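# Examining the three-dimensional arrangement
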Amino acid sequence: MRSVLFLCEMLALLPIVVARPFVGVLIFSFISFSNLHRFTWGFTTSLPWVYATVILTLIGCVVAREPKRLPINATTVLVLMFLIGITLTSMVALAPFDRVMTKWEAVAKVFFFLLVTAALLTDRYRIHALLWVMVISLGYYGVKGGGFTLLTGGGGRVMGPPSSMIADNNHLAAGLLVTLPIINYLRMQSAHRIVRIGLLAGMILTLFGVIGSYSRGALIGLTAVAFVLWLRSSNKAVTGVVIVVAVIAAVSVMPQEWKDRMWTLQDAQQTDSGQSRLAIWHAAWNMAVHRPLVGAGFLGTYTQSVIDEYAPGTVPRAVHSIWFETLGENGFPTFFVWLAISGVAVLNTFAIQRESKRIPELQWCRDLARMAQVSIVAYMTAGTFLSLSYWDFYFTFLVVIAATRVLVREEVRKSRAALSDDSGWRRGPLPGMLQPGLALAGRPIVAGQIPGARPQGGGVRGGAVAVRQAPSRPAAPGRPTTRTGRDG
Amino acid sequence: MDSIWFLMGCGGFFWVVLWSLRDFSKPTKRFWPFDARWMERPTESEPRRWQRGAPGRKRG
């Protein structure tokens, strides 16, 4: 039954992709992030949905008239450089070639499609739609896992979808941590009260899902996320109380087994898990030092012969650290490119906040930038103990930030142009009448109309009014102060 | 229960795609699942009760 449902949905949506390639981005993201087709338990589990979507999207990019442009910015250039880097390191990888190629294909597919995503994220509506898909994809497991944790009293571990990048409980928990600020962003941006309440409930359940994963790395990540979320919030008192109450409530639900496990963080280096992590980090570092330009290639730390060469006696396994994984597999140059993608994203968030400060309409960009900073910290912190170096969700989010920066730049440019156009004596508002950020908003100021002025003496609503003083009181915060003629 | 949740996941995604396909340059839809208020800050589009005059409250 699920297979039929999923098939019907895909058959309904895939033909649209040719005409509207952005729908292909949404489908690709949904399938890649959620892997929901794995839960159909039928013939649709193994069908190549992602490849079908990629091919149709590329056809759509050529055929459709939908707006698209590949912005040449630091993020897209770095993604391209990273693609070249992993291709070169894979050609000289030490692990068996067929296994390396399988991994290369999976990673290259993700990073190639990032460029397609960047080309199609041309406006706010698309950014918002993609963020909703991201939240639905991961929130699916967060809410479900949170409910499971509550119902069982933390009796079982919350796991991710099988055969996906977040299948492991640690990976899922890190993923949920990255998603939490995005859910909060959408909560802030919806005018529907029921949606805001629903998203708040989703955040709380996702928090329970993180705790219920029994991941110690995620607990460290959660601490960092809570701190940065509090730091970046506008109302620190309320946010602080909410965070503390939510975390205490979530922890109080968990059984003693969970507390014992988390308690081992005190002497993490002495535990088997801690020892094996340190050993494999050492092995990855050795690979990078001995082959600084190319590393050992994909799956180097999983291969016994490679481990024997660089860290004899170490058990081959996952690196369990985004830093050492990328460094050991790809060498220093590609590692720095990989790191720079996140670095540029951080710079983008600060630039968005700075550049959009005077434009009220871009408040959503500032909100997104603030929450993005929390997400990036979540990934960096939780990822220190996980192998999530090439996680598509995170890098798609970085592309979303880059697209937002492009939109902010365009809006600022338009605003400056509008400001210079309006500087003439005929069209420009009188001195002292320009409210902060009004003309900068890029909205045309119609001759004869005074922004924010209210018609007096039965004046025509929204019509031309005589020149008079600027409004004596500031417009109510709930009103669109920049919409000339609609206020009155 | 799991199947219902699966249905909601697929349905939620389907809604987002349909929402993204609408023409936002036209006035917002009356049918709220497809209106543009899903991406508007409440303070910008939804005046607080006391700002627009709560029922039963005299405006000064």
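Residues numbered from 1 in each chain as written. Chains lettered and ligands numbered in written order. Predicted model: local features only at pLDDT ≥ 70, side-chain atom pairs only at ≥ 80, totals over all residues. Heavy atoms only, no water.

### Some words on helix α3 (residues 49-63) of chain A
Residues and elements named next belong to chain A. Short version of the rule: Each helix corresponds to a stretch of at least 4 residues labelled H or I by DSSP, and each strand to a stretch of at least 2 residues labelled E; elements are numbered beginning at the N terminus. A helix is expected to span 1.5 Å for every residue after the first. Here's how the labels work: a residue is buried when its accessible area is under 20% of the maximum for its type, exposed when over 50%, partly exposed in between, all with a 1.4 Å probe on protein chains only. Picture the helix axis, draw a direction to every C-beta atom, and the arc is the one those directions span. The criterion used for residue contact is that any of the two residues' heavy atoms lie within 4.5 Å.
Compared with an ideal rise of 1.5 Å per residue, which puts 15 residues at 21 Å, α3 spans 21 Å between its outermost C-alpha atoms and is within 8% of the ideal. Among all positions in α3, only Trp49, Val50, Thr53, Val54, Thr57 and Gly60 are buried. Along the long axis of α3, the arc covered by the buried residues comes to 130°, so they all point the same way. With respect to the buried face of α3, the exposed residues turned more than 90 degrees away are Val62 and Val63. Where α3 is buried, its residues contact α1 (2-19), α2 (21-34) and α5 (97-120).

### Topic: the confidence of the model for chain A
For the record, the criterion: As a per-residue measure, pLDDT tells how confident the predictor is, with possible values from 0 to 100.
Per-chain confidence: chain A averages 83 in pLDDT, with 85% of residues scoring 70 or above. A low-confidence stretch, residues 427-488 of chain A (pLDDT under 50), is modelled with 86 contacts involving residues beyond four sequence positions or located in other chains.

### Comments concerning the environment of Asn330(A)
Residues and elements named next belong to chain A. Applicable threshold: Polar contacts, as used here, are pairs of N or O atoms within 3.5 Å; protein pairs need one atom able to donate a hydrogen and one able to accept it. Residues neighboring in sequence count only if both atoms are side-chain atoms.
Take asparagine 330: it is sitting in helix α14 (residues 322-355). Along the sequence, asparagine 330 and alanine 296 sit 34 residues apart, while their C-alpha atoms lie 6.6 Å from each other. The residues touching asparagine 330, leaving out its near neighbours within four places in the chain, are Ile86, Thr89, Leu293, Val294, Gly295, Phe298 and Tyr390. Here tyrosine 390 takes part through its side chain, which lies 3.1 Å from a polar atom of the side chain of asparagine 330.

### A look at the interface of chain B and chain A
Interfaces are often sized by the amount of accessible area the parts lose when they come together. Stated precisely, the cut-off is as follows: For any pair of parts, buried area is found by adding up, for both, the accessible area (1.4 Å probe) each one loses once the two are put together. A carboxyl oxygen of Asp or Glu within 4 Å of a side-chain nitrogen of Lys or Arg is what we treat as a salt bridge.
Taken together, the contact pairs 31 residues of chain B with 42 residues of chain A. Among the residues of chain B in contact with chain A, Phe6(B), Phe13(B) and Met39(B) are the three that bury the most area, contributing 22% of the side total. Across the contact surface, chain B and chain A share two salt bridges. Among the ionic pairs, Asp2(B) bridges to Lys144(A), the shortest N-O distance being 2.8 Å. Sorting the residues of the side of chain B that touches chain A by element identifies α1 (2-21) and α2 (42-45) of chain B as the ones contributing at least two each. At 16 residues, the largest contribution of residues to the side of chain B that touches chain A is made by α1(B).

### A few points about a nonpolar patch on the surface
Residues and elements named next belong to chain A. Note the threshold: Note on patches: the residues involved have over 30% relative accessible area and no salt bridge, like charges join within 9 Å, and the nonpolar side chains Val, Leu, Ile, Met, Phe, Trp and Tyr join within 5 Å. Working definition of accessibility: Shrake-Rupley area with a 1.4 Å probe, residue cover restricted to the visible protein chains.
Taken together, the side chains of Tyr51, Ile55, Ile59, Val62 and Val63 present a nonpolar region at the surface, about 500 Å² in accessible area. By the secondary structure assignment, tyrosine 51 is in helix α3. According to the relative accessible area criterion, tyrosine 51 is partly exposed, its value standing at 40%.

### A closer look at the environment of Val18(A)
Residues and elements named next belong to chain A. For valine 18, the position within the fold is in helix α1. Taking relative accessible area as the criterion, valine 18 reaches 27% and is therefore assigned partly exposed. C-alpha separation for the pair valine 18 and alanine 345, spaced 327 residues apart in sequence, amounts to 31 Å. Once residues lying within four places of it in the same chain are set aside, the contact partners of valine 18 are Leu56, Ile59, Gly60 and Ala64.

### Let's talk about the pattern of salt bridges
Residue and element names in this part refer to chain A. Under the definition given, this model contains seven salt bridges over all chains. Between glutamate 66 and arginine 126 there is a salt bridge, with its nearest N and O atoms 3.2 Å apart. Of this pair, glutamate 66 sits in the loop between α3 and α4 (74-91) while arginine 126 is found in helix α6 (residues 124-152), placing the two residues 60 residues apart along the sequence. Like arginine 126, glutamate 66 is buried. Measuring nitrogen to oxygen at the nearest pair gives 2.9 Å for the salt bridge that ties arginine 405 to glutamate 355. Of this pair, arginine 405 sits in helix α16 (residues 392-421) while glutamate 355 sits in helix α14; the two residues are 50 residues apart in sequence, bridging distant segments of the chain. We classify arginine 405 as buried; its relative accessible area is 13%.

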